Amino acid sequence: MNPGVRPVVESNEKGMITNMGNITFLDKNGTFKMEKAQEYSYLYFPIASGTGLKSAVTPELSGDAKIDQNHFLLQPVSAEELHNTKSNRNFWCRLSDGSYFSAVGASALQQAKKFTKEAEDVTVEAGLMWQKVTRTDKEHGIKSEILSFVPVGEECEVMQVTLTNTGVNAVEFTPIAAIPIYGRSADNLRDHRHVTSLLHRAQVTDEGICVQPVLSFDERGHQRNFNSYYVAGVESDGKKPESFYPCVEDFIGEGGSFEVPEAVARLTDGCKSGDVVEGYEILGGLRFASKKLAVGESATYLVFLGVDVCDAQTPVLSEHAKAITKTVTEKFGNIAKLSKVFEETKAHWIAENNIAFHTGDVAFDNYMKWVSFQPVLRRIYGCSFLPHHDYGKGGRGWRDLWQDQLALLMMNPTSVGEMLLNNYCGVRMDGSNATIIGSKPGEFVADRNNITRVWMDHGLWPYMTTELYIQQTGDDSLLLKDAVYFKDKQVARGTGTDTEFDENQGTKQLTADGKVYEGSVLEHILLQNLTAFYEVGEHNHMRLRGADWNDALDMAPERGESVAFTAAYAGNLDDLANLLDHLEEAKGLKEVFLLKEMIPLICTDVKIYDDIAAKTALLSEYCANVKHTVSGKKETVKVAELVDVLRKMAQWLKEHIRKTEWLEEGWFNSYYDNNGRRVEGKQADGSVRMMLTGQVFTVMSGTATKEQAKAIADSADRYLYFPERGGYALNTDFHELKTDMGRMFGFAYGHKENGAVFSHMTTMFGNALYKRGLAKEGYKALDTLYRQAVDLQTSCIYPGIPEYFNDKGRGMYHYLTGAASWYLLTVLTEMFGIKGSFGELVLNPKLMKKQFDDNGKAGATSLFGGKMLQVVYHNADSAEAGQYKIESCTVDGASVESITAEDGSLHISAEQIAKLSTDKVHTVEVELKHN
């Protein structure tokens, strides 16, 4: 398909999108229809239960399904396999004249018709966790509709296949579902693929095929397996299949393939219920009775594929298999039952995604439904279980734990406090943290692989998330709650090994007398930020170590320094000082208790801040004192003294960066490489090197002055802004393979960390600009990302925000990205200005004039203080951001007591919010007036 003939995005005179080309939103919940889906590659869609089964489906029903790394129902696929593999979900129609076609478009003949006039038009309709694909086989006059979803809480994926005769004559066909069952660990794809098939024991039942490998193959120690994988199905009236194809090689035949299977082409005989197949690749092949459809008549088939998880000895396979397929078909196996389950599934995910926006751009409002849902997807899928995310073995990383909760704080903050407390259990005494996250809350796993990589930014995010929690909820008690510390053999911030550590003691830090040590959340926060303060390189900026947020800066462990995150930590220290100052003044918190060994880290002698050797020695001494056990003794620290030290540290860091890293070109240097050289600025050959990360955190932390922040925005526009591919690139092209900095410079420019438009950092840039009063510039960063994402002609993705846009503007690594949490946070708290301040509701909008609808209205609906609020701004004067102020405010039509702060924000007390009922949406109407 020539991309040039695809419909382009259209906008009105205000710049608001009115036509998205091949995508149309159908409601206010993000449901969309995409025409001509066959013209786009690499599309995939997530459908999951929320508790176990995680699937990915494409318009041709490629993609996989799994419980976890070791339990894949369908063959694991990465992005390239989406068009390479033939091992897809499929549903065949073999007509009475001997011809046949695939209802998912996966026959050799249908594939050969692509890019011709005979190509099938494919329409995808999708909502939160469900997809429906419609295609018409023009030759045979049969339209197929395949609805795919996973019922909430189930380990079963549903394929509801409806075939309709759209021709001019009656048509007779034999329907055959054909779904290859992989049924083992992803590791076995290249590790004993054939050998592991010899472990398969497949039982044919009345409703389908169930396979239970007898062993879980692992040469370090094979284990008995009692989990089963199945495909079952019935017609919509409950009628069962008449025969089965349980063996792949029998189904495809000698010389055949999944695109040209002999069983379909020649309608070969299948197996019957009760038959057993052992030692082969297994197929969920279900052949239903032949069907004759009159013109306009339809037939529906219900196919179920799933995993039966069982940790204990199961009954005899034949009986267990019968029970599995019978149970699933009885539960879902008629159209009335299944329709009810489908509606319940849709309602569940709509309720889960409870934030809504209203602007003059309906496409943006719906786009935000997908952005706000993406953090939910990442909690379910982790960072490994969608086609582009073909790395790792599931789960989330340390950074993900905290950033995903930013979105949760916007959507359902009541449960976040306990989650945050649990997360702090992953912090080590040296301020570093566990990197292997367990499946249970607060569970962290010791790293037995001697991987000592330390990401220097990891200590930053916990406090940022915790402060947001305190501001949104007013629950400052979290700071003084106790949590354990994580313990393994890694010590001294990954530079040493505790030879006394015994794995039998578990993963909790012990005192010298063998007791589990607990410290306050505040103590954890201080350790993370203070140890970072002292771990500096030769330019007195924090060492880069294994990397920072940019994982691909991984080749400068000795002399690399991150100026960018030194500024970020300065912001943390400043904010923490302000928080403690408030608690002392408002809550009477005069002193706190901290571990005796860490008291020297709270250094009142500012002269040491300039002394690199002294700082390094102080940190080394502290790490040595907590190498194996801690005393468990605590000392009293006055809050006023702690606040003073934190402010001095923050001020020193900011001044140091301003004095040493501001470039005459108009921005801050972000890094030093492993040769101790400054990375950015004008080079000897006249070229310019600039990186976005350092600009984000110097602006966000207040390190950059107001004038510097504006100069940074101008420089980013000049050197990093590429609107044709989504906005601000992560860096300019260095034209060098910098092996003294990181693998990113081995990537082709414009891809991933080397100069792609990285949504996460661009979004944080927008957030920083909004916070510093540069609303127009902040809006530009977010708006360009949005417009790129919904421009299907170039982004080639479903609605939502991807990890990055490449050099062609294509969206890559869709859905599972921390950018979504930050985008939602920025839109709600900065753009719409709806946020908390120690539990108070604060309103301070920074909406552009063009974002209001034709009636001058814009608003957002979200939870705050446990109450659902619909905030509506009225901009009758059509004033621009920065040119209006809040004139008045009502709640449910009644005046409300409020305080207007110096910055023009309106504050409504937590007590007034608490008086509101929980059984309705409360309308907060705000009148804006031109200054």
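Read on for a plain summary of the structure. (Residues numbered from 1 in each chain as written. Predicted model: local features only at pLDDT ≥ 70, side-chain atom pairs only at ≥ 80, totals over all residues. Heavy atoms only, no water.)

1. Observations regarding the sheet that holds strand β20 (residues 228–235)
The cut-off we apply is this: Any two strands with at least two DSSP bridges between them are considered paired. The numbering of helices and of strands both runs from the N terminus, where a helix is a DSSP run of H or I of at least 4 residues and a strand a run of E of at least 2. Each axis is a line fitted through C-alpha atoms, taken for helices only over the stretch in contact, and angles between the N-to-C directions span 0 to 180 degrees. Residue contacts follow a heavy-atom distance rule, with two residues in contact if any of their heavy atoms lie within 4.5 Å.
Strand order in this open sheet of 11 strands is β3-β4-β11-β12-β13-β14-β25-β20-β17-β16-β22, and the pairing throughout is antiparallel. The strands lining the two open edges of the sheet, one partner per strand, are β3 (23–25) and β22 (276–278). Taking each pair of neighbouring strands and ignoring which way they run, the sheet shows an average axis angle of 15°. The sheet contacts of helix α6 (residues 317–332) involve β14 (156–165), β16 (201–204), β17 (208–211), β20 and β25 (298–308), and relative to β20 the element is tilted by about 45°.

2. A few points about the sheet that holds strand β44 (residues 804–805)
In space, the 3 strands of this open sheet follow the order β43-β44-β45, with antiparallel pairing throughout. Sheet topology places β43 (757–758) and β45 (811–812) at the edges, where each strand pairs with a single neighbour. Where β43 meets β44, 2 bridges bridge the pair, whose relative direction is antiparallel. Within the sheet, the bridge partner assigned to valine 757 lies in β44 and is phenylalanine 805.

3. Focus: the packing of helix α9 (residues 398–411) against helix α21 (residues 819–831)
The angle between the axes and the distance between the axes are what describe a pair of packed helices. What counts, and what does not: Any angle that is under 35 degrees is reported as roughly parallel, and any over 145 degrees as roughly antiparallel; angles of 65 to 115 degrees are reported as roughly perpendicular and all others as oblique. The crossing is said to be left-handed when, going from far helix to near helix, the turn is anticlockwise and less than a right angle, and right-handed when the turn is clockwise. Under this grouping Gly is polar, as are all residues other than the nonpolar Ala, Val, Leu, Ile, Met, Phe, Trp, Tyr, Cys and Pro and the charged Asp, Glu, Lys and Arg.
Two elements in contact, α9 and α21, have axes whose closest approach is 8 Å; the angle formed by their N-to-C orientations is 40°. Relative to α21, α9 is oriented oblique. Considering only the axes of α9 and α21, their crossing is left-handed. Listed contacts from α21 to Gln403, Asp404, Leu406, Ala407, Met410 and Met411 of α9 are Ser821, Trp822, Leu824, Leu825, Leu828 and Thr829. Grouping the constituent residues of the contact of α9 with α21 by class yields 8 nonpolar, 3 polar and 1 charged.

4. Quick word on the pairing of strand β49 (residues 867–874)
What counts here: Throughout, exposure labels follow a simple rule: accessible area from a 1.4 Å probe, protein chains only, divided by the maximum for the residue type, with under 20% read as buried, over 50% as exposed, and the rest as partly exposed.
Among the 8 residues of β49, 7 are classified as buried, and the element is accordingly described as predominantly covered. Relative to β49, strand β48 (residues 857–864) is paired through 8 bridges, and the arrangement is antiparallel. Residue pairing across strands places glycine 859 opposite valine 872, the latter belonging to β49. Where β48 hands over to β49, the hairpin turn is made up of 2 residues, of which glycine 865 adopts a positive phi near 60°. Alignment of β49 against strand β54 (residues 921–930), held across 7 bridges, turns out to be parallel. Across the sheet, the residue bridging to valine 872 is glutamate 925, located in β54.

5. Concerning the environment of leucine 573
Mapped onto the elements, leucine 573 comes out in helix α13 (residues 563–587). Classification of leucine 573 as buried rests on a relative accessible area of 1%. With 76 residues separating them in the primary sequence, leucine 573 and methionine 649 have C-alpha atoms 7.2 Å apart.

6. Description of the pairing of β54
Sheet topology note: the strand β50 (residues 884–891)/β54 ladder contains 7 bridges and is antiparallel. Bridging across to β54, cysteine 889 finds its partner in valine 926.

7. A short note on α21
Where burial is concerned, most of α21 is hidden: 13 out of the 13 residues are buried. Taken from the residues just after α21, glycine 833 is the one with a positive phi, measuring 65°.

8. Section: the packing of aromatic side chains
Definition in use: By convention, a stacked pair of Phe, Tyr or Trp rings (six-membered ring in the case of Trp) has centres within 6.5 Å and planes under 30 degrees apart, an edge-to-face pair has planes over 60 apart, and any other such pair is tilted.
Taken as a whole and assessed by the stated rule, the structure comprises 42 aromatic pairs. Both rings, one in phenylalanine 45 and one in tyrosine 815, keep their centres 6.5 Å apart while their planes meet at 90°; by these two values the pair is edge-to-face. Here the residue phenylalanine 45 occupies a position in strand β5 (residues 45–48), and tyrosine 815 occupies one in the loop between β45 and α21, the gap between them amounting to 770 residues. The exposure classification of phenylalanine 45 matches that of tyrosine 815, with both residues buried. Taken together, a centroid distance of 6.4 Å and an interplanar angle of 70° make the contact between tyrosine 609 and tryptophan 652 edge-to-face. A residue pair is termed long-range when its members are at least 10 positions apart, and tyrosine 609 in the loop between β34 (591–595) and α14 (612–625) and tryptophan 652 in helix α15 (residues 639–661) qualify at 43 residues.

9. Examining α14
How we decide: Between the first and last residue of a helix there are one fewer steps than residues, each counted as 1.5 Å, and that sum is the expected span. Relevant arc is that of directions from the helix axis to the C-beta atoms, nothing else. Throughout this description, a polar contact denotes any pair of N or O atoms lying within 3.5 Å of each other; where both atoms belong to protein, one of them has to be capable of donating a hydrogen while the other can accept it, and for residues adjacent in sequence the pair is counted only when both atoms sit in side chains.
Along its 14 residues, α14 runs 20 Å from first to last C-alpha, staying within 8% of the 20 Å computed at 1.5 Å per residue. Among the residues of α14, those classed as buried are Lys615, Leu618, Leu619, Tyr622 and Cys623. Taken around the axis of α14, the buried residues stretch over an arc of 130°, which confines them to a single face. For α14, the exposed residues set more than 90 degrees away from the buried face come down to Ala613, Glu621 and Ala624. Buried residues along α14 sit against α12 (521–534) and α15. For α14, the N-terminal cap is aspartate 611; the gap from its side-chain oxygen to the backbone nitrogen of alanine 613 is 3.2 Å.

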